[in-house]
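Observations on chain architecture
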2 protein chains.
Amino acid sequence: MTDPAAPTDIPAADLPAKSRREQIHDVASRLFSERGYHATSMRDLAGELGMQGGSLYAHISGKEDLLIEIVNRAARQFDAALFTLRDVPLAADQKLREAMQRHIRVVADNMESATVFFHEWKHLSPGAYAQVTNWRDTIDAFYRDLVMQGIREGVFRADLDVKMAANLILSAVNWAYTWYRPGGNLTPRDVAEGYADMLLLGLRAPVPQEASS
Amino acid sequence: MTDPAAPTDIPAADLPAKSRREQIHDVASRLFSERGYHATSMRDLAGELGMQGGSLYAHISGKEDLLIEIVNRAARQFDAALFTLRDVPLAADQKLREAMQRHIRVVADNMESATVFFHEWKHLSPGAYAQVTNWRDTIDAFYRDLVMQGIREGVFRADLDVKMAANLILSAVNWAYTWYRPGGNLTPRDVAEGYADMLLLGLRAPVPQEASS
DNA sequence: CCTACCGATCGGTAGG
DNA sequence: CCTACCGATCGGTAGG
């Protein structure tokens, strides 16, 4: 009948068998990002997975642990993307391009957990909350160091306010979680390159040099 | 006894008598911004005002009406700040400076309601939700028009992607709600001027023109 | 993973 | 603005 070599009962390559734990994590990311942490009930979550509310507790220890894991995993993705860049010998403008590209890619590839990360971390209990604020400080420091490097090397304007420049860069890459649409016509790379061009060169047209024609 | 002209029993100028309705609105803005809409109970709210949960309903008609009013009031502030600027005859770069200053001022002067606005509008029921998305579109359009004006006038680079430029500007002014601290050493004007300088001129140091000394 | 249940708390109302 | 209450729903557990 059908080709005996056809692997019809093997999961498609893009659908590797996910552990139940992983499925719960994914659905929680989606629901928390769409409705918010407190507006999502454990029964909502269980319903989407075709099980009863109480059954979730065979796989997880509590609602907050789900939030902690989503937030921590997002934080680790940003870490992995940026900190390998710290000591790469690139000029500051090139390093900024690369950092923005990686940063935006993490946001774009994880829109749901990024949204949870930015909106729901305030609802963590003190321990996990403190971890996130510390993490945020290290990301801020990464971009401030990058700006300082650029000034030191003469690649960036000497009169930049380091903190404000870092804030401006962070605004651009973080705010993407509010408007980026993964299926659209802009890749994360397009956004990062466009943003980096505008940030590095400015919006204003260059003053026309007296043309020597 | 005391100077009869001294208005000692008149509320201080900075503490005008606020209606109970207004007090509820203020406390709700604070609690919703700190804890989120769904994590704030009507009893929390009443407790901060020294009353019982049920008593709130003598002044308001429901929890969501509070959220709607906070969000709508914030939207109206942005409107009032930006739309009076639409037809002002300023060059695009100057208009951008002014718009950013006004936009950031609205955020800075209303940190709590701005936070509620950006985080909680998704929890509105369909009618109010649609109003907010429409409003967001008009703000986007304002900045896109501004960028287009600048390109048309030759003030901005001709190769700008209008949508991305508008997004970058919006990122800068909106993200301020996450880090600005009203008591700090930066006024909204400082932030707006610094951001506008960086956006207009770029972070990169000008290429050294062969000095004609 | 289900059934059945726990105490706690929710937004909101009735009647005063 | 309070007391007392409503039905609904919450996160989580026991026992299987």
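Just above, that's the structure.
One structure accompanies this document, and this report is about it. All values reported here derive from a predicted model rather than from experimental measurement.

On to the protein's contact with DNA strand D. DNA strand D sits among 16 residues. The nearest are Arg43, Tyr57 and Lys63 of chain A together with Gln52 and Ser55 of chain B. Each atom of DNA strand D within 4 Å of the protein belongs either to a base or to sugar and phosphate, the latter forming 61%. Here a phosphate oxygen of DNA strand D sits 2.8 Å away from a polar atom, N or O, in the main chain of Met42 of chain A. The separation between a phosphate oxygen of DNA strand D and a polar side-chain atom of Ser55 of chain B is 2.7 Å.

So, on to the packing of aromatic side chains. Under the criterion given, the structure shown has 26 aromatic pairs over all chains. Both rings, one in Phe118 of chain A and one in Tyr177 of chain A, keep their centres 5.0 Å apart while their planes meet at 35 degrees; by these two values the pair is tilted. Here Tyr177 of chain A lies in the loop between α7 (162–175) and α8 (188–201) and Phe118 of chain A lies in helix α5 (residues 111–120), a separation of 59 residues in the sequence. Note on accessibility: Phe118 of chain A and Tyr177 of chain A belong to one class, buried. A ring pair is formed by Trp175 of chain A and Tyr177 of chain A, whose centres lie 6.4 Å apart and whose planes are at 75 degrees; its orientation type is edge-to-face. Taken together, the aromatic side chains of Phe78, Phe117, Phe118, Trp135, Trp175 and Tyr177 of chain A together with Phe78, Phe117, Phe118, Trp135, Trp175 and Tyr177 of chain B make up a single cluster linked through ring pairs. The ring of Tyr37 of chain A is capped by Lys63 of chain A, whose NZ or CZ atom sits 4.6 Å from the centre of that ring.

It takes a turn of 180 degrees to lay chain B on chain A, together with a shift of 0.0 Å along the axis; the resulting RMSD is 0.0 Å. Read as a symmetry element, the transformation amounts to a two-fold axis. Considering only C-alpha atoms, the residue of chain B closest to the rotation axis is Gly202 of chain B, which sits at 1.8 Å. Comparing interface residues between copies, 100% of those in chain B also sit at the interface in chain A, which points to an isologous, same-surface contact.

This part takes up the interface of chain B and chain A. Contact residues are listed per partner, giving 45 residues for chain B and 45 residues for chain A. Of all residues in chain B, Trp175, Leu203 and Arg204 of chain B give up the largest surface area on contact with chain A, accounting jointly for 21% of the area buried on that side. The closest approach of N and O atoms between Arg204 of chain B and Asp93 of chain A, which form a salt bridge, is 2.8 Å. Run the count over chain B and chain A and you get 14 residue pairs in polar contact (both at pLDDT 80 or more). Put simply, the parts of the chain that give the side of chain B that touches chain A at least two residues each are α1 (20–35), α4 (92–109), α5 (111–120), α7 (162–175) and α8 (188–201) of chain B. With 10 residues, α7 of chain B is the largest single contributor of residues to the side of chain B that touches chain A. Of the residues that constitute the side of chain B that touches chain A, the class distribution is 25 nonpolar, 12 polar and 8 charged.

Conventions used here
- Residues numbered from 1 in each chain as written.
- Chains lettered and ligands numbered in written order.
- Predicted model: local features only at pLDDT ≥ 70, side-chain atom pairs only at ≥ 80, totals over all residues.
- Heavy atoms only, no water.
- Near = heavy atom within 4 Å.
- Polar contact = N/O pair within 3.5 Å; in protein donor to acceptor, adjacent residues only side chain to side chain.
- Phe/Tyr/Trp six-rings, centres within 6.5 Å; stacked < 30°, edge-to-face > 60°.
- Helix = DSSP H or I, 4+ residues; strand = E, 2+ residues; numbered from the N terminus.
- Buried < 20%, exposed > 50% of the residue type's maximum accessible area, 1.4 Å probe, protein only.
- Lys NZ or Arg CZ within 6 Å of the ring centre and 35° of its normal.
- Least-squares fit on C-alpha atoms with pLDDT ≥ 70 in both.
- Contact = heavy atoms within 4.5 Å.
- Buried area = accessible area lost by both parts, 1.4 Å probe.
- Salt bridge = Lys/Arg side-chain N within 4 Å of Asp/Glu carboxyl O.
- Nonpolar A, V, L, I, M, F, W, Y, C, P; charged D, E, K, R; others polar.

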